[in-house]
Amino acid sequence: MKGSILEAKNIQKTYLLGKTELHALNNISLSLEQSELISLVGPSGSGKTTLLNILGCLDSPSSGQLFFQGQNMSQKKERELAEFRRTHFGYIFQFFNLIPVLTALENVAFPLWQTRLSRKEINKKASQILEIIGLGKFAHHKPDELSGGQQQRVAAARALISDPQIIFADEPTGNLDSQTGQQMMELLKTINKEKGTTVVIATHDSRVISQTRRIIEIKDGEIRSDEKN
Ligand SMILES: Nc1ncnc2c1ncn2[C@@H]1O[C@H](COP(=O)(O)OP(=O)(O)OP(=O)(O)O)[C@@H](O)[C@H]1O
Ligand SMILES: [Mg+2]
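What counts, and where the lines are drawn
Residues numbered from 1 in each chain as written. Chains lettered and ligands numbered in written order. Predicted model: local features only at pLDDT ≥ 70, side-chain atom pairs only at ≥ 80, totals over all residues. Near = placed C-beta within 6 Å. Helix = DSSP H or I, 4+ residues; strand = E, 2+ residues; numbered from the N terminus. Nonpolar A, V, L, I, M, F, W, Y, C, P; charged D, E, K, R; others polar. Pairing = 2+ DSSP bridges. Core = buried A, V, L, I, M, F, W, Y, C linked by C-beta atoms within 7 Å. Buried ≥ 20, exposed ≤ 12 C-beta atoms within 10 Å, placed from the backbone. Contact = placed C-beta atoms within 7 Å. Expected span 1.5 Å × (residues − 1).

Asks: I keep staring at the site of ligand 1 and nothing clicks. Help me out?
Replies: As a structural note, the neighbourhood of ligand 1 is formed by Y15, L17, L22, A24, G42, S44, G45, S46, G47, K48, T49 and T50. At the level of secondary structure, the elements contributing two or more residues to the shell around ligand 1 comprise β1 (4-17), β2 (20-33) and α1 (48-55). Ranked by the residues each element gives to the shell around ligand 1, the list is headed by α1, at three residues. Its residues assigned to classes, the shell around ligand 1 shows four nonpolar, seven polar and one charged.

Asks: Sorry if this is basic, but what is going on with the sheet that holds β1 here?
Replies: Strand pairing in a sheet relies on backbone hydrogen bonds, with the paired strands running either antiparallel or parallel. Taken in spatial order, the four strands of this open sheet run β2-β1-β4-β5, and their pairing is antiparallel. Each of the sheet's edge strands pairs with one partner strand only, and the pair in question is β2 and β5 (71-72).

Asks: Would you take a moment to explain the nonpolar core for this structure?
Replies: The tendency in soluble globular proteins is for nonpolar side chains to be buried side by side. Counting 61 residues, the largest nonpolar core has L40, V108 and V200 as the members making the most contacts within it. If sequence neighbours within four positions are ignored, V108 has contacts with A126, I129, L130, V154, A157, R158 and I161.

Asks: So what exactly am I meant to see when it comes to helix α5 (residues 148-160) here?
Replies: Because an α-helix packs 3.6 residues into every turn, residues spaced three or four apart end up facing the same way. Taking 1.5 Å of rise per residue, the 13 residues of α5 would be expected to cover 18 Å, and the 19 Å separating its terminal C-alpha atoms lies within 8% of that figure. When you tally the buried positions in α5, you get ten out of 13 residues, the bulk of the element. Turning to α5, its buried residues number three or more, namely Q151, Q152, R153, V154, A155, A156, A157, R158, A159 and L160. Where α5 is buried, its residues meet β6 (89-92), α3 (104-109), α4 (119-132), β7 (166-170) and α6 (178-195).

Asks: Got a minute to help me understand the pairing of strand β9 (residues 214-219) in this structure?
Replies: Both faces of the sheet carry side chains from a regular strand, because those side chains alternate between them. Both strand β3 (residues 37-41) and β9 contribute to a ladder of four bridges, which runs parallel. Looking at the pairing, L40 lines up with I216 of β9. Here β9 pairs with strand β10 (residues 222-228) via six bridges, running antiparallel. Counterpart to I216 in the pairing with β10 is D226.

See below:
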């Protein structure tokens, strides 16, 4: 398919709870195109986070396959997957997952620590991103010295620093007031537009949903609708 960057084929995810099987995802097939801005919506417990984690190779499906630019991800070893995650994917989690002992600058910079770039180059890049998101003055603050909205922006900066091809964001505005939430959305929209990064956002937030061109709705682990506007 033209421009397809990530393709899921018949993804199932089953959790075993005692003797009961819980089918968190049932036969999900979808294709994400380059430069798409997508909302993944559905009620609580419908499988959004599970699907996002599988698409982002943070979790593996019980069955089915995932192809990134035509490469079968299910056949890759954990080390290769880790490299893929670091170089091609960016993640923004609902609860930020910042490292408490590192400063804002270090949190943003750390995905690049294992690359060939020098510390000086890395810190320059991290500083520039912090400036762009309006946190230049807070570079040396630790997460607990930042507000929730500021922490969320640091988490976004960390996801962006390695110029990923796809960004996976799980409820990125969930803990933010409407103004800070809109700043987060503007940041994601800018990256999507200027760099052509594919952005997938799991969300309940109608203000987010109305700003995305494609809306994938899941319910009980199945795709209910997939609309492109
Ligand atoms: N590690 C796990 N073990 C067992 N069941 C799980 C596990 N993770 C998720 N589930 C179950 O899978 C289903 C889908 O969960 P998921 O977290 O993907 O939902 P969600 O759509 O992200 O919900 P929310 O909007 O509340 O974040 C739920 O029924 C949940 O209880
Ligand atoms: Mg969730």
